[in-house]
2 protein chains.
Amino acid sequence: MPESLKDIGEFGLIRKIDELLKREGVQAPGVTLGIGDDTASFKARSGYEILVTCDAVVEGRHFLSRHITPMDLGRRSVMLNISDIGAMGGHPLYALISLGLKDETLVRDIEDMYRGFLAELNPFGASIIGGNLTESGDGIFIDITLIGEVEEGRAVRRSGAKPGDVILVTGYPGHSAAGLQLLVQSLASVEHPLVRAYNKPSHRAREGRTVALTGCATAMIDTSDGFLGDLGHICEESKVGALLALEKFPISEELRVALKILKKEPHEFFLGESDDYQLIITCGAGDVDRIRSAIALTYNGPVTEVGQVTAADKGIRLLLPEGSEQTLSAKGWDHFR
Amino acid sequence: MPESLKDIGEFGLIRKIDELLKREGVQAPGVTLGIGDDTASFKARSGYEILVTCDAVVEGRHFLSRHITPMDLGRRSVMLNISDIGAMGGHPLYALISLGLKDETLVRDIEDMYRGFLAELNPFGASIIGGNLTESGDGIFIDITLIGEVEEGRAVRRSGAKPGDVILVTGYPGHSAAGLQLLVQSLASVEHPLVRAYNKPSHRAREGRTVALTGCATAMIDTSDGFLGDLGHICEESKVGALLALEKFPISEELRVALKILKKEPHEFFLGESDDYQLIITCGAGDVDRIRSAIALTYNGPVTEVGQVTAADKGIRLLLPEGSEQTLSAKGWDHFR
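Presented here is a report on the structure given in the accompanying data block. Since the model is a prediction, treat every value here as computed from it, not as a measurement. (Residues numbered from 1 in each chain as written. Chains lettered and ligands numbered in written order. Predicted model: local features only at pLDDT ≥ 70, side-chain atom pairs only at ≥ 80, totals over all residues. Heavy atoms only, no water.)

What about the overall build of chain A?
A tally of helices and strands in chain A yields 10 helices and 13 strands. Relative to its length of 337 residues, chain A is compact, with a C-alpha radius of gyration of 21 Å against a globular reference of 20 Å. Each principal axis of the C-alpha atoms in chain A carries an extent, and together these give about 65 × 50 × 35 Å. Counting the 337 residues in chain A, one finds 59% classified as buried. Working note: accessible area of chain A is about 13,000 Å², and carbon and sulfur atoms make up 49% of it. Distance from the positive charge centre (35 side chains) to the negative charge centre (48 side chains) of chain A: 3 Å. (Helix = DSSP H or I, 4+ residues; strand = E, 2+ residues; numbered from the N terminus. Rg over C-alpha atoms; globule rule 2.2 N^0.38 Å. Buried < 20%, exposed > 50% of the residue type's maximum accessible area, 1.4 Å probe, protein only. Areas by Shrake-Rupley, 256 points an atom, 1.4 Å probe, with all protein chains shown as cover. Lys, Arg positive; Asp, Glu negative; His and termini not counted. Charge placed at Lys NZ, Arg CZ, Asp CG, Glu CD.)

Some words on the environment of Arg158 of chain A
Along the chain, Arg158 of chain A falls in the loop between strand E6 (141-151) and strand E7 (166-170). On a C-alpha basis, the gap between Arg158 of chain A and Asp275 of chain A in space is 18 Å, while along the polypeptide they are 117 residues apart. Within the local environment of Arg158 of chain A, its side chain forms a polar contact with the side chain of Asp38 of chain B, the two groups lying 3.1 Å apart. (Polar contact = N/O pair within 3.5 Å; in protein donor to acceptor, adjacent residues only side chain to side chain.)

Observations concerning empty space enclosed by the protein
Under the definition given, this model contains two cavities of 30 Å³ or more. Of the pockets and cavities examined, the largest cavity occupies roughly 40 Å³. Taken together, the elements giving at least two residues each to the lining of the largest cavity come down to strand E4 (91-101) and E6 of chain A together with strand E4 (91-101) and strand E6 (141-151) of chain B. Classifying every residue of the lining of the largest cavity by side-chain character gives six nonpolar, four polar and two charged. Taken together, Val57, His62, Phe63, Leu73, Arg76 and Ser77 of chain A make up the full set of residues lining the second largest cavity. Here the lining of the second largest cavity is built from residues that sort into three nonpolar, two polar and one charged. (1 Å grid on protein atoms, 1.4 Å probe; cavity = no way out; pocket = protein on both sides within 12 Å on 5 of 7 lines; lining within 4 Å. Points joined across faces, edges and corners; volume = space filled by probe spheres on them. Nonpolar A, V, L, I, M, F, W, Y, C, P; charged D, E, K, R; others polar.)

Looking at the environment of Pro266 of chain B
Residues and elements named next belong to chain B. In this structure, Pro266 sits in helix H9 (residues 266-271). Pro266 gets classed as partly exposed once you look at its relative accessible area, which sits at 25%. Beyond its immediate sequence surroundings of up to four residues, Pro266 is in contact with Ile251 and Leu259. (Contact = heavy atoms within 4.5 Å.)

Considering unusual backbone geometry
At Lys263 of chain A, a position not held by glycine, the phi torsion is positive, near 55°. With respect to the helices and strands, the residue Lys263 of chain A is situated in the loop between helix H8 (253-262) and helix H9 (266-271).

Things to note about the interface of chain A and chain B
Contact residues are listed per partner, giving 70 residues for chain A and 70 residues for chain B. Both faces considered, chain A and chain B share a buried interface measuring about 5,600 Å² in area, 54% of it formed by carbon and sulfur atoms. Salt-bridge contacts for Glu152 of chain A lead to Lys43 of chain B; the nearest nitrogen and oxygen are separated by 3.7 Å. Element by element, the count of residues in the side of chain A that touches chain B is highest for strand E3 (residues 48-58) of chain A, at 10 residues. Here the side of chain A that touches chain B is composed, by residue class, of 27 nonpolar, 18 polar and 25 charged. Two strands pair when backbone bridges link them, and strand E2 (residues 40-42) of chain A and strand E3 (residues 48-58) of chain B are joined in this way by three bridges, in the antiparallel orientation. (Buried area = accessible area lost by both parts, 1.4 Å probe. Salt bridge = Lys/Arg side-chain N within 4 Å of Asp/Glu carboxyl O. Pairing = 2+ DSSP bridges.)

What to know about the sheet that holds strand E13 (residues 325-328) of chain A
Residue and element names in this part refer to chain A. Taken in spatial order, the seven strands line up as E8-E10-E7-E11-E9-E12-E13 in an open sheet, and their pairing is mixed. With partners counted over all chains shown, the strands left at the sheet margins are strand E8 (217-222) and E13, one partner each. Across the sheet, the mean angle from the axis of one strand to that of its neighbour is 25°, orientation sign disregarded. Of the pairings in the sheet, the one linking E8 to strand E10 (residues 279-283) comprises five bridges and is antiparallel in character. Within E10, the residue paired with Ala217 across the bridge is Cys283. Of the strands in this sheet, E8 and E10 are in contact with helix H6 (residues 205-214), which crosses E8 at around 165°. Set on the sheet, helix H7 (residues 227-238) makes contact with E7, E8, strand E9 (241-245), E10, strand E11 (303-310), strand E12 (316-319) and E13; between it and E8 the angle comes to about 140°. (Axes fitted to C-alpha atoms, helices over the stretch in contact; angles between N-to-C directions.)

A few points about the relation of the copies chain A and chain B
With an RMSD of 0.0 Å, chain A superimposes on chain B once it is rotated by 180° and translated 0.0 Å along the axis. Interpreted geometrically, this transformation is the action of a two-fold axis. The share of interface residues of chain A whose copies in chain B are also at the interface is 100%, consistent with both copies meeting through the same surface. (Least-squares fit on C-alpha atoms with pLDDT ≥ 70 in both.)

Considerations on the packing of aromatic side chains
Residues and elements named next belong to chain A. Under the counting rule described, the total for this entry stands at nine aromatic pairs over all chains. Linked through ring pairs, Phe227, Phe249 and Phe270 together constitute an aromatic cluster. It is Arg76 that lies over the ring of Tyr198; its NZ or CZ is 4.6 Å from the centre. (Phe/Tyr/Trp six-rings, centres within 6.5 Å; stacked < 30°, edge-to-face > 60°. Lys NZ or Arg CZ within 6 Å of the ring centre and 35° of its normal.)

Examining the pattern of salt bridges
Residue and element names in this part refer to chain B. Inspection of every chain in the model, using the stated rule, returns 38 salt bridges over all chains. In this structure, Lys16 engages Glu3 in a salt bridge whose closest nitrogen and oxygen atoms are separated by 4.0 Å. Of the two residues, Lys16 is situated in helix H1 (residues 5-24) and Glu3 in the segment before H1; the sequence distance between them amounts to 13 residues. By relative accessible area, Glu3 is classed as partly exposed at 36%. Between Arg204 and Glu207 there is a salt bridge, with the nearest N and O atoms lying 3.2 Å from each other. We classify Arg204 as buried; its relative accessible area is 8%.

Overview of the sheet that holds strand E1 (residues 31-33) of chain A
Judged by pairing direction, the sheet is mixed, and its six strands sit side by side in the order E1(A)-E2(A)-E3(B)-E6(B)-E4(B)-E5(B) without closing on themselves. Two strands in the sheet have a free side with no partner beyond their single neighbour: E1 of chain A together with strand E5 (127-135) of chain B. Taking each pair of neighbouring strands and ignoring which way they run, the sheet shows an average axis angle of 20°. Sheet topology note: the E3 of chain B/E6 of chain B ladder contains 11 bridges and is antiparallel. When the sheet's bridge partners are listed, Tyr48 of chain B is paired in E6 of chain B with Glu151 of chain B. In the packing of H1 of chain B onto the sheet, contacts are made with E4 and E5 of chain B, and the angle to E5 of chain B comes to roughly 175°.

Things to note about helix H4 (residues 175-184) of chain A
All names here are of chain A. In terms of burial, H4 is largely enclosed, as seven of its 10 residues are buried. For H4, the complete set of buried residues consists of His175, Ser176, Ala177, Ala178, Gly179, Leu182 and Leu183. Just downstream of H4, Ser186 is the residue with a positive phi angle, here 55°.

Focus: a nonpolar patch on the surface
Taken together, the side chains of Leu187, Val257 and Ile261 of chain A make up a nonpolar region of the molecular surface, amounting to roughly 260 Å² of accessible area. Looking at the element boundaries, Leu187 of chain A is found in the loop between H4 and helix H5 (193-199). (Patch = residues over 30% accessible without salt bridge, like charges linked within 9 Å, V, L, I, M, F, W, Y side chains within 5 Å.)

Purely spatial values, then, with no claim about function.
Here it is in C-alpha cells:
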C-alpha cells in the first residue's frame, strides 16, 4: 500500500522533500540559509528591489483532485505567483511553500506536487527556501509566497495608464474558462487544448520582464480574474477608463468551435472570469512596436490591440461592430460572491 | 444583522482592510509598493540579510473559534512568525497575510483579526504589505509570511551548538500545553494565567535580537514544538547531544497547582509538546552572564540553565535527582502523527 503522511509524519515528510529538492531542484543565487531553521535568509542584490506576492489554491474551490494530477497542480499553483512577479517585470528567485494536507494524503502525490513546483521554478534558477506543513480540514490548500527582484525603479505597476494609451493583450483570454466549462460538463477530455489551457496554463512572465526592460509600458497586469476584471484593476489604480472594440478581440478557432458546443458568445469568455495568465499592457501608441518586439523574443502567440485608455468618467465601454457603445461593469473573480 | 463576507465580497473586504491598515497600521521603512498591485515591493538595506518565514494556523487544528476571540487569534497567528524572526536575531518588517475564509465569516471578525495582527506588528514598526483572500472549505486558515532583516552574518542558527556549551531557556515552557488542557477539560476560565499562556502567548523576539547582538549565542530556537522537540532540532542541526538536569527545570507555582488538578508530572509539560514561544539558547559557559544581561534588558522572567551540550553519540539524556540517567527521544509536535 502506498505510504501516506500518517505513516511517515511531518518530520519524515520534511526529510523527503528536502532530499527531493537537493536532488531535483536548483540553488538560487543569494541564499544564505535554506530549509531547516527558524527562517530562511538571503542577501538582496544592490540596485534591485525585492518583489513579493502570495497566492493560495484550495481544493474544491480552485481545483478538483479528480480532474488534475498532483504534478499539474504543483505547476499551476506556483505558476500563479510566477505570473505575478512577471507582470511587474521581475525575475522569480525564492519560493516558500505552505501546505495544508490530510493525513491520508499520499507521500508520492506530495512529491509529484513538488516536482510540479520545480518544473516551473527551475527554468528561472529559482528555488524553494522554506515553507510550512500542517494538517488541514476537509480539503488541502497550497499557499505559495514567491519572492523576486527587479531593477530599482523598473517595476511596471497597474497605476501608470494614461488616456490615449493603447491597450494590448497577449494570447487568448477566455480559453481557460471555456476549458473549465468543457471539463465540468464532460464535453472534452483533459487533452483538449482549451482544457489544457485551464489545467496546464502557461504564463507570460518572461515576456513581462522583457516588456519592463523596454521602459515603454505605462501599466501591466496578468489576467487571473478575467480580462475585464483585470483591466478594471488597471483602470481603478490608474484612475482612467477604457474603450474596447469588440471586433478586435482575439478569438481562436478552437474557442469558436467550443462556443457552439457551449452555446455562448465569443465576448463572454474573453471578457469574463478566466485565469489565463496572459498580460494586459498599456503604452503610448508610438511604443506598440517596441513592446511587440520585446514579447516576440520569447512568445509566438498573438499580441492584440483591443482598445484604448480613456478618461475615468467614461468607465469601461465596449464599441460594438455597428458603432454603438455599451458600458461594461468591471467585475472580476470575486471569491465570496 | 452583522455584515458577512458574502454581503460585501472579496473586493469589498480588500477595501475595508486597506482602510483599516491605513488608519491603524504603521508604515515600515523601505516599502516601495504596498497592497493593490500584482506584487508588493521593498528595498533591502545594504549590510543586512533578509529573513523570511511562514506559518499557518488552521481552524479545528490549531485553534477553536469558540475558545479564542478574533483579535487574539490575529495576535497569536502573527506572533508565531515574529517569534521565528526573533529566534534568528532579526527584526520583523513586512507581513503578507493569506486568509482562507468562509462566506458567512463576519466582516467585523476579520477586522478584529487584523487589529490583532497590528497589535503585534505596530510595536516593531512592521507593516502588512500584501496577502491573499480566498474561500476555504469547512474551516478558516491564516497563513502568514513574515519578512525581517538582520545585520549581515549575525543571524543565530540552530546549527552552531558545540559540546560543552550551556543550554539556557527563557520563561516556563509547558505553560501553554497545560493551559490548553485546562481549557479543553473546562477546568479553568480564559482568564487563568496558564490558559492565557495558550490563548495570548507572548514572544521573546526582542530578547532574541539582543542575544544575537551579543555575538555570544552558538545556537538559538524558539519553542513552538515543545522544549524537547525544539532542543532536538538544535541537536540535529548542530550534530550534538544534550544532558538535561531534571531538578533545574523551571516549574512555576501556577504550573505546580495545575499539575495536581491534571494529575501530571512537572517534566511532562516542560519537555512535551507546547507552543510557548520562549527561547532555547546555547553558549559557552563564560558567556552566560552576557546573554542573561542582554535578555534582562527587556524581559524580567527567568533565564534558566537546564543542562549542557554533549557529543552527538550520547543523544539527549535526562539526569534524574538521584543521579541516574534516562535517554529521551526528541519528538516534537508532528502534525501528521
